[in-house]
Every structure is written in structure tokens, then in C-alpha cells.
Protein chains: 2
Amino acid sequence: MATKPIPDIVVGRLPVYLRALSAMSVEGKSVTSSQELATRLGLTSAQIRKDLSHFGEFGKQGLGYNVVFLIEQLRRILKLGQLWDVVLVGAGDLGRALANYQGFHDRGFRIRMVFDSNPSKIGQTLAGFVISDSARVVELVRREGIRVAMLAVPAAQAQPATAHLIEAGVQAILNYAPTTLIVPRGVYVQNIDPAVHLQRMTYYLEPPGPR
Amino acid sequence: MATKPIPDIVVGRLPVYLRALSAMSVEGKSVTSSQELATRLGLTSAQIRKDLSHFGEFGKQGLGYNVVFLIEQLRRILKLGQLWDVVLVGAGDLGRALANYQGFHDRGFRIRMVFDSNPSKIGQTLAGFVISDSARVVELVRREGIRVAMLAVPAAQAQPATAHLIEAGVQAILNYAPTTLIVPRGVYVQNIDPAVHLQRMTYYLEPPGPR
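Residues numbered from 1 in each chain as written. Chains lettered and ligands numbered in written order. Predicted model: local features only at pLDDT ≥ 70, side-chain atom pairs only at ≥ 80, totals over all residues. Heavy atoms only, no water.

We now examine the overall build of chain A. Along chain A, the regular secondary structure elements total 8 helices and 10 strands. Each principal axis of the C-alpha atoms in chain A carries an extent, and together these give about 60 × 55 × 35 Å. A buried classification covers 48% of the 211 residues belonging to chain A. Of all intrachain contacts in chain A linking residues separated by at least 6 positions in sequence, the fraction that spans at least 24 positions is 55%. (Helix = DSSP H or I, 4+ residues; strand = E, 2+ residues; numbered from the N terminus. Buried < 20%, exposed > 50% of the residue type's maximum accessible area, 1.4 Å probe, protein only. Contact = heavy atoms within 4.5 Å.)

What follows deals with the relation of the copies chain B and chain A. The two copies are related by a screw operation: chain B maps onto chain A through 180° of rotation and 0.0 Å of translation along the axis, at an RMSD of 0.0 Å. Accordingly, the operation relating the two chain copies is best matched by a two-fold axis. In this assembly, 100% of the residues forming the interface of chain B have copies in chain A that are likewise at the interface, indicating an isologous arrangement. (Least-squares fit on C-alpha atoms with pLDDT ≥ 70 in both.)

Here we take up the sheet that holds strand β6 (residues 125–126) of chain A. Hydrogen bonds between backbone groups are what pair the strands of a sheet, and the pairing can be parallel or antiparallel. Pairing within the open sheet is mixed, and its 7 strands lie in the order β6-β7-β5-β4-β8-β9-β10 (chain A). Looking along the sheet, the strands with just one partner apiece sit at the ends: β6 and β10 (188–191) of chain A. (Pairing = 2+ DSSP bridges.)

This brings us to the packing of helix α5 (residues 93–100) of chain A against helix α5 (residues 93–100) of chain B. Interaxial distance between α5 of chain A and α5 of chain B falls to 8 Å at its minimum, and their mutual angle equals 170°. With respect to α5 of chain B, the element α5 of chain A is oriented roughly antiparallel. Of the residues in α5 of chain B, those touching α5 of chain A at Asp 93, Leu 94, Ala 97 and Asn 100 of chain A are Asp 93, Leu 94, Ala 97 and Asn 100 of chain B. For the contact of α5 of chain A with α5 of chain B, the per-class residue count stands at 4 nonpolar, 2 polar and 2 charged. (Axes fitted to C-alpha atoms, helices over the stretch in contact; angles between N-to-C directions. Parallel < 35°, antiparallel > 145°, perpendicular 65-115°, else oblique. Nonpolar A, V, L, I, M, F, W, Y, C, P; charged D, E, K, R; others polar.)

All names here are of chain B. As for its position among the elements, Arg 96 is in helix α5. A residue is classified by how much of its surface remains accessible, and Arg 96, at 40% relative accessible area, is partly exposed. Separated by 71 residues in the primary sequence, Arg 96 and Ser 25 have C-alpha atoms spaced 30 Å apart.

A word on the interface of chain B and chain A. On the side of chain A, 69 residues touch chain B, which itself brings 69 residues to the contact. In total, chain B and chain A occlude about 6500 Å² of area from one another, counting both sides; carbon and sulfur atoms represent 64% of this. On the chain B side of the contact with chain A, Gln 199, Arg 200 and Tyr 203 of chain B bury the most area, a combined 12% of that side's loss. The interface formed by chain B and chain A includes 6 salt bridges. Asp 8 of chain B is paired through a salt bridge with Arg 200 of chain A; the nearest N and O atoms lie 2.6 Å apart. Counting across the chain B and chain A interface gives 22 residue pairs in polar contact (both at pLDDT 80 or more). (Buried area = accessible area lost by both parts, 1.4 Å probe. Salt bridge = Lys/Arg side-chain N within 4 Å of Asp/Glu carboxyl O. Polar contact = N/O pair within 3.5 Å; in protein donor to acceptor, adjacent residues only side chain to side chain.)

Residues and elements named next belong to chain A. Inspection of helix α2 (residues 34–41) places Ser 34, Leu 37, Ala 38 and Leu 41 among the buried residues, and these make up the whole buried set. In an axial view of α2, the angular spread of the buried residues amounts to 100°, which keeps them on one side of the axis. Residues of α2 that are buried in the fold lie against α1 (8–26), β1 (31–32), α3 (45–53) and β3 (64–66). Following α2 by one or two positions, Gly 42 has its phi on the positive side, about 65°. (Arc of directions from axis to C-beta.)

Our next topic: the packing of helix α1 (residues 8–26) of chain B against helix α2 (residues 34–41) of chain B. Residue and element names in this part refer to chain B. Closest axis-to-axis distance for the α1/α2 pair is 11 Å, and the angle between their directions is 105°. Taken together, the axis directions place α1 and α2 in an arrangement best described as roughly perpendicular. Taking contact as the criterion, the partners of Val 16, Tyr 17, Ala 20, Leu 21, Ala 23 and Met 24 in α1 are, on α2, Glu 36, Leu 37, Arg 40 and Leu 41. Among the residues forming the contact of α1 with α2, the class breakdown is 8 nonpolar, no polar and 2 charged.

Turning next to the environment of Asp 85 of chain A. All names here are of chain A. Looking at the element boundaries, Asp 85 is found in strand β4 (residues 84–89). On a C-alpha basis, the gap between Asp 85 and Glu 144 in space is 8.8 Å, while along the polypeptide they are 59 residues apart. Side chain to side chain, Asp 85 and Arg 110 meet in a polar contact 2.7 Å long. Only 2.9 Å separates the side chain of Asp 85 from the side chain of Arg 112, close enough to count as a polar contact.

A few words now on the side chain of Ser 132 of chain A. Here Ser 132 of chain A is to be found in strand β7 (residues 129–133). Residues contacting Ser 132 of chain A, with those up to four places away along its chain left out, are Val 114, Phe 115, Asp 116, Ile 122 and Leu 140 of chain A.

One pass over the structure, following the stated rule, counts 8 aromatic pairs over all chains. On the basis of an interplanar angle of 10° and a centroid distance of 4.8 Å, the ring pair of Tyr 204 of chain A and Tyr 188 of chain B is categorised as stacked. Residue Tyr 204 of chain A is found in the segment after α8 (194–202), and its partner Tyr 188 of chain B is found in strand β10 (residues 188–191); the two belong to separate chains. You can call Tyr 204 of chain A partly exposed: its relative accessible area is 29%. Grouped by ring-pair contacts, the aromatic residues Phe 55 and Tyr 188 of chain A together with Tyr 203 and Tyr 204 of chain B constitute a single cluster. Against the face of Tyr 203 of chain A rests Lys 79 of chain B, its NZ or CZ located 5.8 Å from the ring centre. (Phe/Tyr/Trp six-rings, centres within 6.5 Å; stacked < 30°, edge-to-face > 60°. Lys NZ or Arg CZ within 6 Å of the ring centre and 35° of its normal.)

To continue, consider the environment of Asp 116 of chain B. All names here are of chain B. With respect to the helices and strands, the residue Asp 116 is situated in strand β5 (residues 109–116). In the structure, Asp 116 is positioned 80 residues away from Glu 36 in sequence and 45 Å away in space, judged by C-alpha atoms. Ignoring sequence-local partners within four residues, the contact set of Asp 116 consists of Gly 90, Ala 91, Gly 92, Lys 121, Ile 122, Ile 131, Ser 132, Asp 133 and Ser 134. Polar side-chain contacts of Asp 116 include one of 2.7 Å to the backbone nitrogen of Ala 91.

So, on to the pairing of β5 of chain B. Within a regular strand, the side chains alternate between the two sheet faces. Residues and elements named next belong to chain B. Within β5, 6 of the 8 residues are buried, which leaves it mostly tucked inside the rest of the structure. In terms of strand pairing, strand β4 (residues 84–89) meets β5 through 6 bridges, oriented parallel. Its bridge partner being in β5, Val 86 is matched across the sheet by Ile 111. With respect to chirality, the unit in which β4 leads through α5 into the neighbouring parallel β5 is right-handed. Pairing geometry for β5 and strand β7 (residues 129–133), over 3 bridges, is parallel. Across the sheet, the residue bridging to Asp 116 is Asp 133, located in β7. (Right-handed = clockwise from strand over helix to strand, strands pointing away.)

Next up, the structure:
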């Protein structure tokens with residue numbers, strides 16, 4: 001739809017705008033401004049206006065943004081008009097937390113299948129899902145046409161699991177395994193590794209003293 | 001130590017380099033090259049050399065990098081010479097997964113205290129920690145001098161909890177709550193919100209069809 005590619009850093013801020021607008025909507029706010037959004041998000045209003053301008057005109061000068069309208073537009077841009085089915089691979093502590101998380105549905109996603117390779121977990125129930133054998137990922141995920149995955153397995157299992165997911169047709173992987181996944185062009189990965197995120201912050205702090 | 005500020009995007013890649021080098025070390029590899037690292041990480045060797053050059057000379061032309069030496073240097077740069085004490089706020093499903101996660105210690109962090117505001121959880125044990133009342137965060141976190149926090153509470157509790165953590169002296173917050181935290185200058189936040197990460201990827205996909 002866009003005439004030139006949008007910088008990924010801009011794309012990355014849209015879900016944050018959407019989240020803030022959704023909170024405003026829940027609070028009963030029907031109109032907002034780039035300045036109000038900016039204050040909530042610790043950004044500048046110019047940044048927000050510039051980001052949104054990549055996609056069209058969503059507000060009227062001096063009148064601000066209609067919250068519900070802007071939510072609808074962001075959901076359209078982010079392809080959230082229909083729920084995305086998601087496959088979860090890994091039913092350990094983190095997989096359990098993800099499977100039980102109630103926040104996905106309102107934001108465009110629903111877990112559809114849960115896999116684990118541990119024989120003691122296969123066949124057990126987790127958050128209403130019967131845990132399937134990871135060996136069947138290619139068969140079952142392909143059959144359901146699921147294209148989004150969350151990967152919550154140990155580092156050593158992550159790349160083989162990724163290969164199976166891609167073979168099954170998955171195009172987007174939220175990777176919780178503490179390792180870098182190698183994927184072909186056209187497959188998107190986002191990485192969540194708490195230690196990486198923590199280390200990125202400690203760089204800026206004075207180190208703790210010796211004990 | 002550096003003469004000019006390092007771009008944050010460069011800082012953000014250092015923990016990923018460190019993770020890959022640590023994996024190489026476990027595999028018994030003693031020497032590597034920017035090319036080998038690049039292949040593992042899906043980056044270019046020029047990128048890696050440029051990033052590292054901000055901090056000094058760590059390899060010899062044609063001889064590559066000594067893995068253990070480069071690990072030590074990255075740990076020094078990221079202030080990981082001593083373990084950082086971490087406070088965990090929120091003992092729900094996600095807090096439980098974080099408290100039980102075995103991967104922090106080797107990477108520079110140890111959880112020291114766990115808080116929750118739910119009376120049914122206060123006093124219970126989680127992964128060896130007695131859960132303390134969130135109302136005591138300022139008192140207890142300040143007393144222990146803890147400067148790093150993980151926040152795993154519902155969105156509505158996140159900003160008040162953040163205010164308490166900052167009052168207690170916390171300077172770095174890994175935020176799992178699905179909301180943007182407003183913090184003063186000198187306090188660092190990294191955000192983990194799986195729906196935001198998923199939405200950032202679906203932007204690039206063909207939308208699912210109607211059902």
C-alpha cells in the first residue's frame with residue numbers, strides 16, 4: 001500500500017501507539033492529540049506525527065485524533081483485522097505463562113496449538129490445550145495453515161525447532177530461546193531474552209562493587 | 001571510558017555478541033573471526049568489526065579473535081564483572097517463570113527479592129524466595145541497594161510500582177507489563193511485550209483471510 005518501504009523502526013512504534021490508544025479508549029477518551037500521546041509514551045509529538053504521516057492523514061489540524069478511528073487504522077496497517085493463529089512450541093515455565101496469558105486475544109492473536117518434545121508433557125493439558133509432540137510440528141502446523149509461532153524452548157533446541165516451523169509454513173517467530181535464529185528471507189524473527197535486555201541497560205550503570 | 005557516546009543500537013548488539021561467543025566457548029572453540037560470528041548472527045562481518053572498534057582493538061588482522069579474551073572484554077564493557085542483584089516485582093505466571101529461570105546467573109544477574117501485592121501470595125515461597133509485600137519495596141530494595149528490577153505486574157499496577165522502585169534507587173527496569181513506563185532521566189527501561197513484538201511482524205505478512 002505504501003509507495004516506499006517504511007523504516008522498521010517506525011513499524012516497531014506502531015504497536016506501542018496502538019497499545020496507548022487502546023488504553024485511552026478503555027478510559028473513555030474519544031479524542032487525543034499527538035502531544036497527549038507523546039506525553040504518555042515519553043516521545044515527542046513531532047515524532048508521532050511524522051511516524052503516522054507515513055501511512056496517511058489521521059487527524060485534523062487543531063482537532064486532534066479520533067481515538068477509535070486511529071485504533072482502527074493502526075489495526076488495519078498492522079494486519080490485525082482478523083485474529084492470527086499462533087503455535088506455541090515449548091511447554092515449560094515460560095510456555096505455561098504464555099499459554100495462560102489473557103492479553104493476546106484483544107490484540108490480534110490466539111494460540112491454537114502447543115507442542116513439546118518431552119514425553120512426560122505430550123498428551124497433558126496446558127491452559128486448555130492438549131500438548132502435541134514436537135515431532136509433529138510440520139504435519140499439524142501446516143495442516144492448520146498457522147503462520148505465527150512463539151518459541152519457548154532451550155537454546156539447543158531452538159534452531160531445529162525453527163527449521164520445522166519454517167517447513168510448516170511459519171513466517172513470523174517470536175523467539176524466547178537465548179540464541180540467534182538463522183532464518184531465510186521472508187521469515188521474521190523478534191527476540192526476547194531477558195539477560196540480553198538487562199545487559200543492554202547495565203552498560204549505562206556504574207558497576208556494582210566487589211563482594 | 002569511551003571518548004564519545006556509543007550509539008545505543010551498538011550497545012544493544014553487544015549482549016548478542018557475548019551470547020554467541022559464550023556458546024562458542026562452551027563448544028570448545030578458542031578462536032573465531034568476525035566472519036564466523038557474522039554467519040552465526042545473520043549480520044555482516046563489517047558490522048561486527050565496526051561495532052567492536054568503538055571499544056578498542058580486540059583481534060589481530062588475519063588471526064581473528066581469542067574467544068575467552070573477547071568474552072572478558074565484552075563482560076567488562078557491559079559491567080558484568082560482578083553479579084547484579086535484581087528485584088522481581090510480580091509473582092504471577094510470568095514472575096514464576098522468571099524466578100525459576102536458570103539462565104540469569106551465568107550472564108551477570110541474580111534475583112534477590114520477589115514482591116507481590118496479592119495477600120494470598122505474600123509470605124508464600126517462590127523458587128526459594130519468600131514473597132514480600134509490594135508495599136515494602138521502597139524500604140527493602142533501598143536497604144539492599146538493588147538497582148535492577150524486573151517488573152511482571154498487570155498494566156494498571158506498572159506505573160505505581162515503577163515509582164516505588166525508582167524511589168528505592170532502582171536505575172534499570174525490565175518491563176514486562178503491557179504499558180509504557182514514564183521514568184526520569186538516568187533510569188533505563190527495556191520493554192518486553194509479546195503482543196507488541198508479534199504485531200511488529202504481522203505488519204510484513206499477508207493478512208489472514210476472513211473466517
